[in-house]
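An overview of the molecular structure
Spelled out from the first residue to the last, the chains are:
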Amino acid sequence: MFVKICGLMDPHTARFAVQKGANFIGLLFSKVSTRAISLEKAKEIVEAVRDAGGEPVAVFADESLDEMRKIIDALSLDVVQLHGDVPRSFCDQIPQKKIYVADGKELPKSLDKEKDFLLFEKSFQDPQGFRFFVAGNLSAENVEKTIQEFKPHGVDVSRGAREPDAIADFIEKARPGRFGPFGGMYVPELLIAPLMELEKAFKEIDIEKELLDLLKNYAGRPTAVTEVPNFAKAINGPRIFLKREDLLHTGAHKINNSIGQCLLAKKMGKTRIIAETGAGQHGVATATACALLGLECVIYMGQTDIERQAPNVFKMGLLGAKVVPVTTGAKTLKDAVNEALRDYAASYETTHYCLGSALGPHPFPAIVAKFQRVIGDEAKRQMREKIGRDPDLCIACVGGGSNAVGLFTAFLNDKVQLVGVEAAGAARFQNGSPGTLHGTYSYLLQDANGQIQETHSISAGLDYPGVGPKHSELFSTGRAHYDVCNDEEALQAFQLLCRTEGIIPALESSHALGFLMRIAHQLPKDAVVLVNLSGRGDKDVAHIQSLCK
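First, a word on what this report is: a plain description of the structure on this page.

Cut-offs applied
- Think of each chain on its own: its residues are numbered from 1, step by step along the sequence as written.
- Selection of residues for local features in this predicted model requires a pLDDT of at least 70, selection of side-chain atom pairs for listing and counting requires 80 or more, and totals for whole chains, interfaces and linings are taken over all residues.
- With hydrogens and water set aside, each side-chain value is computed from the structure's full complement of heavy atoms.
- Fitted lines through C-alpha atoms serve as axes, helices being fitted only where they are in contact, and the angles separating the N-to-C directions of these axes extend from 0 to 180 degrees.
- Numbered from the N terminus, helices here are DSSP runs of H or I no shorter than four residues, and strands are runs of E no shorter than two.
- Roughly parallel means an angle under 35 degrees; roughly antiparallel means over 145; roughly perpendicular covers 65 to 115; every other angle is labelled oblique.
- In this scheme the handedness of a crossing depends on how the near helix is turned from the far one: anticlockwise by less than a right angle means left-handed, clockwise means right-handed.
- Here, two residues are considered to be in contact whenever any of their heavy atoms come within 4.5 Å of each other.
- As a working rule, the residues Ala, Val, Leu, Ile, Met, Phe, Trp, Tyr, Cys and Pro are called nonpolar, Asp, Glu, Lys and Arg charged, and the rest polar, with Gly in that last group.
- Paired strands, in this sense, are two strands between which DSSP finds at least two bridges.
- Salt-bridge detection follows one rule: a side-chain nitrogen of Lys or Arg within 4 Å of a carboxyl oxygen of Asp or Glu.
- The classification of residues rests on relative accessible area computed with a 1.4 Å probe and restricted to protein chains. Under 20% of the type maximum is buried, over 50% is exposed, and intermediate values are partly exposed.
- Space inside and on the surface of the protein is sampled on a 1 Å grid over the protein atoms alone, with a cavity defined as a set of points where a 1.4 Å probe fits but cannot get out and a pocket as an open set with protein on both sides within 12 Å along at least 5 of 7 lines; lining residues have an atom within 4 Å of a point.
- Grid points are joined across faces, edges and corners, and a volume is the space filled by probe spheres set on the points.
- N or O atoms within 3.5 Å of each other form a polar contact, as long as, within protein, one can give a hydrogen and the other can take it, and as long as residues adjacent in sequence are counted only when both atoms are side-chain atoms.
- For this text, the term disulfide refers to a pair of cysteine sulfurs within 2.5 Å.
- Here a patch means residues that are over 30% exposed by relative accessible area and free of salt bridges, tied together within 9 Å if like-charged and within 5 Å if nonpolar (Val, Leu, Ile, Met, Phe, Trp, Tyr).
- Per-residue accessibility takes into account occlusion by the displayed protein chains alone, with areas from the Shrake-Rupley method and a 1.4 Å probe.

**Quick word on the packing of helix α11 (residues 281-293) against helix α13 (residues 310-318)**
Running from N to C, α11 and α13 point in directions that differ by 10°, and their axes come no closer than 9 Å. The orientation of α11 relative to α13 falls into the category roughly parallel. Considering only the axes of α11 and α13, their crossing is left-handed. Of α13, the residues touching α11 (which contributes Q281, G283, V284 and A287) are N312, K315 and M316. In the contact of α11 with α13, the residues fall into three nonpolar, three polar and one charged.

This is the structure:
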């Protein structure tokens, strides 16, 4: 679905619109429009739009051919939009791609169905095989209904999306499952129907009351926020707080999502749950939720991860789950996701795929983000109660990115610095590029031919070549910064937190702590840092013990 926004009058808003996912920005040149812009202002907007990856479009309504050519040449435009009899009379003489406003008259023979679009503004007619936009009093409130009714290739909005909040809301409704240019549903046709069924159920089935009750009385929410002064002193840092997801039932944040998805699946009439797992925490959490709700559970896990996460494999068996070893590829998380998707494609009528991180095809990133945002909502409230304000810096490890999305979401509109920490051997933002993996368009590690590269991390949960699309959006817009932590730094942080605070962190969370150890001395002493301790390290102790021999 293309999104075109017309009538923006400043480069900052135009850039924001493209970053949020708008494909085209319309520049109004008609003298009768109250939002017409000068050529000089247009140059500023065009530069901002192109810099953000969008396409500027000159919108003409009463200009002569000479006037249009002057503007097109000055701005080096590739697309023009033609309203009114005067500009449309010169359609055959304009070589650029065109958005042609159809009004029932015969279409020019020069229009090309491969590159040009029609625009239906006041009445809809037969598009005659052309791709087409619909326009006319669109807003966030009616765009979904309009898309369902007309099934256009694009929507064109003007008055209904001029301010940043309205723009973001409109794009979210017009392009569900998109995070700026990232996200989407890149799957075989066989999976489209079950994913759309899941999206519909997610929107319409109300599980909030039951979920909140289970999170409170079964999983152990709210989790504590703990200040760690001894750790802070040891690294010469400022005040440091930990959001203690390690205290949850099953030992990590994964239970927030697993209970939510399994509860939703049961309401949908599914009887079987499948999941992938790397570090084993999502596998244990899903097996736990299935035992609680009386659902069959199958967990796919790479053979390499089975060997380094043996305690969690044993727990999954105790909880009644069947653990299926994956022996293809690197035998890690990427390969476990591959097998889970294959199973889902063959069994979706009775099976729900409980995907564990904020990645994969739409609607999974949105579902996981919603179930994990409880982390940030709680942390924000708790920090304001403890210190009377928000933290200056929030840090979280990033594999697929669910714990980081859960924390960051609450602070996106505040003046809080956000830092995601990747494993050095799986640094998607430092060494990767945008591409498609496991049904979503996001940053990933790939070679020049688009082949997925192998990753390495001491932490099984971070050993993955892709990342959730929301993180790609935050990276591309600059709202969040992403850095790396290597195995040695993570081990040092693991040991230091154990010795100074009596808290055993998961190796995934230890990457966030290892990054903080490296930069702590650079931070102002009156700064406040909040780190998401996404899980506890019981599962890692045997693995670390073998490394230290």
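**Here we look at the sheet that holds strand β12 (residues 239-244)**
Judged by pairing direction, the sheet is mixed, and its six strands sit side by side in the order β11-β12-β22-β17-β18-β21 without closing on themselves. At either end of the open sheet lies a strand with only one pairing partner, and these are β11 (225-227) and β21 (481-485). Ignoring which end each strand starts from, the neighbouring axes of this sheet average 25° apart. Inspection of the sheet shows strand β17 (residues 393-397) paired to strand β22 (residues 528-533) by three bridges, in the parallel sense. Looking at β22, one finds that C394 is bridged to L530. In the packing of helix α16 (residues 374-387) onto the sheet, the strands contacted are β11, β12 and β22, and the crossing angle to β12 comes to about 140°.

**Some points on the pattern of salt bridges**
One pass over the structure, following the stated rule, counts 36 salt bridges. For the salt bridge of R308 with D305, the shortest nitrogen-to-oxygen distance reads 2.9 Å. A residue pair is termed a helical-turn pair when its members lie 3 or 4 positions apart in one helix, as R308 and D305 do in helix α12 (residues 303-308) at three residues. The partner of E508 in a salt bridge is K539, and the shortest N-O contact between them spans 2.9 Å. Taken together, the positions of E508 in helix α21 (residues 507-519) and K539 in the loop between β22 and α22 (541-547) put the pair 31 residues apart, joining distant regions of the chain. On the accessibility criterion, E508 (7% relative accessible area) is buried. Beyond isolated ion pairs, a larger network of salt bridges with shared partners links R221, K243, E245 and E378.

**A look at the environment of P325**
When you line up the elements, P325 lands in strand β15 (residues 322-326). Classification of P325 as partly exposed rests on a relative accessible area of 44%. On a C-alpha basis, the gap between P325 and E339 in space is 9.8 Å, while along the polypeptide they are 14 residues apart. Those residues within four positions of P325 in sequence are excluded, and the remaining contacts are M301, Q303 and I306.

**Some details on the layout of surface pockets**
Approximately 1700 Å³ is the volume attributed to the largest pocket. Surrounding the largest pocket, 47 residues form its lining, E172, F179, R373, T409 and K470 being those nearest its centre. At the level of secondary structure, the elements contributing two or more residues to the lining of the largest pocket comprise α1 (11-20), α6 (164-174), β9 (178-179), α7 (189-204), α8 (208-219), α15 (364-372), α16 and α19 (469-477). With six residues, the top contributor of residues to the lining of the largest pocket is α6. Within the lining of the largest pocket, the residues separate by chemical class into 23 nonpolar, seven polar and 17 charged. Taken as a whole, the second largest pocket holds about 840 Å³ of empty space. Taken together, 20 residues make up the lining of the second largest pocket; nearest its centre are I147, A174, P176, M196 and E199. It is α7 that contributes the most residues to the lining of the second largest pocket, six residues altogether. For the lining of the second largest pocket, the per-class residue count stands at eight nonpolar, four polar and eight charged.

**Looking at the environment of E276**
Considering the arrangement of structural elements, one finds E276 in strand β13 (residues 272-277). The sequence separation of E276 and C354 amounts to 78 residues, and the corresponding C-alpha distance is 7.9 Å. Here E276 is in contact with H282, Y300, L333, A336, V337, A340, Y353, C354, L355, G356 and S357, once residues within four sequence places are set aside. A distance of 3.1 Å separates a polar side-chain atom of E276 from the backbone nitrogen of G356.

**Some thoughts on the sheet that holds β13**
What the four strands build is an open sheet, ordered β15-β14-β13-β16; its pairing is parallel. A strand with exactly one partner marks an edge of an open sheet, and here the two such strands are β15 and β16 (351-353). Here the average twist between neighbouring strands, direction ignored, is 25°. As judged from the six bridges shared by β13 and strand β14 (residues 296-302), these two strands associate in the parallel manner. Its bridge partner being in β14, A275 is matched across the sheet by I299. Those strands touched by helix α14 (residues 333-347) are β13, β14, β15 and β16, and its axis lies near 160° from that of β13.

**Considerations on the state of the cysteines**
A full pass over the atoms with the stated rule returns zero disulfides. Left without a disulfide partner, C354 is nearest to the cysteine sulfur of C262, which lies 4.4 Å away. Here C394 is not cross-linked by a disulfide; its sulfur's nearest cysteine counterpart is in C397, at 14 Å.

**Observations concerning a nonpolar patch on the surface**
On the surface, F314, L318 and L319 cluster together to form a nonpolar patch covering roughly 320 Å² of accessible area. In this fold, L319 is placed in the loop between α13 and β15. Look at L319 and you get partly exposed, because its relative accessible area is 31%.

Without other data, these values stay purely geometric and don't point to any function.
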